[in-house]
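Summary of the model geometry
Next come the chains, spelled out residue by residue.
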Protein chains: 2
Amino acid sequence: MEKLTTGRVAQLGGVNLETIRYYERRGLLQKPPRTEAGYRQFSPETAQRLRFIKRAKELGFSLDEIGELLTLRVQPKQKRGDVRTRAEAKIADIENKIETLAAMKTVLRNLVDQCEHCASDDECPILASLDGERSL
Amino acid sequence: MEKLTTGRVAQLGGVNLETIRYYERRGLLQKPPRTEAGYRQFSPETAQRLRFIKRAKELGFSLDEIGELLTLRVQPKQKRGDVRTRAEAKIADIENKIETLAAMKTVLRNLVDQCEHCASDDECPILASLDGERSL
DNA sequence: CTTGACTCCGTACTTAGGTACGGGGTTTAC
DNA sequence: GTAAACCCCGTACCTAAGTACGGAGTCAAG
């Protein structure tokens, strides 16, 4: 059970050291045990958690949403139905994101593959393909 | 060819009116023609563009990246190879996002479906499943 | 046993992406 | 033909998410 210092876990997690303190304050990382001298002692899983947070941000989730995602697994001692409901909502959200991304990808693929004839500057299908008033 | 006012296009695009001006400054919307009195005249496509921008943000793209995506279709008069290269890069990025989201979804699905026995609080697979040091 | 690297903390600053304000002109509906 | 509802612009303000600062304590190597 190797313990990591703040600097080390930040390095492994790919974030700034101050970000660790910030996440602790935000409640995204629970307060770690301390040494005699008051130094934080992190488990290696914390680095993993940091990478997850980072990646989730790149996917458009806010820190609050990420906190939600993390509590879905960290405290499954709540009412089961509640967790279920929230998880289902996240799944739907994620499916929507995947769909939109897939549509974007298709458009870009077409752009690359056969845009020789699409060289004029109006009415390329990129915008239309992702539209449809579907709000999320 | 109905022209839209700033307020109307903002409404249709689902954004604040001030955001229109902001995007114009940022170069995400090109400067529209004006009336005698100096009022902006937008085409309906602008609303579509706004919805695209909004959605792309929710998918974790920065405004700069979104600008990139939009120029990929708005000015295909650049060197073809350049567009191709940038489009390929975006496609790879998007594929990565889709993969990560799909993994997240799977985990949540499992959580919902069979987490009865996963009720203890350590070592749920959610973090591990998305990990692997793969940075983007 | 000291020097350099690391940690602590509170607080202040920064960046991205908007949003609001307010004084002025314009357009539309009575 | 005037009041309400819009629009203009420059500028100031705001929120989320960090990031930096700096004075003080700590740890590890020589």
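Look a little higher up for the structure.
Residues numbered from 1 in each chain as written. Chains lettered and ligands numbered in written order. Predicted model: local features only at pLDDT ≥ 70, side-chain atom pairs only at ≥ 80, totals over all residues. Heavy atoms only, no water.

1. Thoughts on the protein's contact with DNA strand D
Neighbouring DNA strand D are 21 residues, the closest being A:Tyr23, A:Tyr39, A:Lys57, B:Thr5 and B:Arg40. One of the side-chain nitrogen or oxygen atoms of A:Asn16 is found 3.1 Å away from a phosphate oxygen of DNA strand D. B:Arg21 places a side-chain nitrogen or oxygen 2.8 Å from a base oxygen of DNA strand D. Broken down by secondary-structure element, the contributors of at least two residues to the surface near DNA strand D are helix H2 (17–26) of chain A together with helix H1 (6–13) and helix H2 (17–26) of chain B. Ranked by residues supplied to the surface near DNA strand D, first place goes to H2(A) with six residues. Looking at the surface near DNA strand D, its residues break down into seven nonpolar, seven polar and seven charged. (Near = heavy atom within 4 Å. Polar contact = N/O pair within 3.5 Å; in protein donor to acceptor, adjacent residues only side chain to side chain. Helix = DSSP H or I, 4+ residues; strand = E, 2+ residues; numbered from the N terminus. Nonpolar A, V, L, I, M, F, W, Y, C, P; charged D, E, K, R; others polar.)

2. Observations concerning the pattern of salt bridges
Residue and element names in this part refer to chain B. Taken as a whole and judged by the stated rule, the model has 19 salt bridges over all chains. Taking the shortest distance from any N to any O, the salt bridge between Asp 64 and Arg 26 comes out at 2.7 Å. With a gap of 38 residues between them, Asp 64 in helix H4 (residues 63–74) and Arg 26 in helix H2 connect regions that are remote in the sequence. Judged by relative accessible area, Asp 64 falls into the exposed class, the value being 57%. The class of Arg 26 is partly exposed, set by a relative accessible area of 36%. Between Glu 68 and Arg 86 there is a salt bridge, with the nearest N and O atoms lying 3.2 Å from each other. Of this pair, Glu 68 sits in helix H4 while Arg 86 sits in helix H5 (residues 80–114); the two residues are 18 residues apart in sequence, bridging distant segments of the chain. According to the relative accessible area criterion, Glu 68 is partly exposed, its value standing at 29%. (Salt bridge = Lys/Arg side-chain N within 4 Å of Asp/Glu carboxyl O. Buried < 20%, exposed > 50% of the residue type's maximum accessible area, 1.4 Å probe, protein only.)

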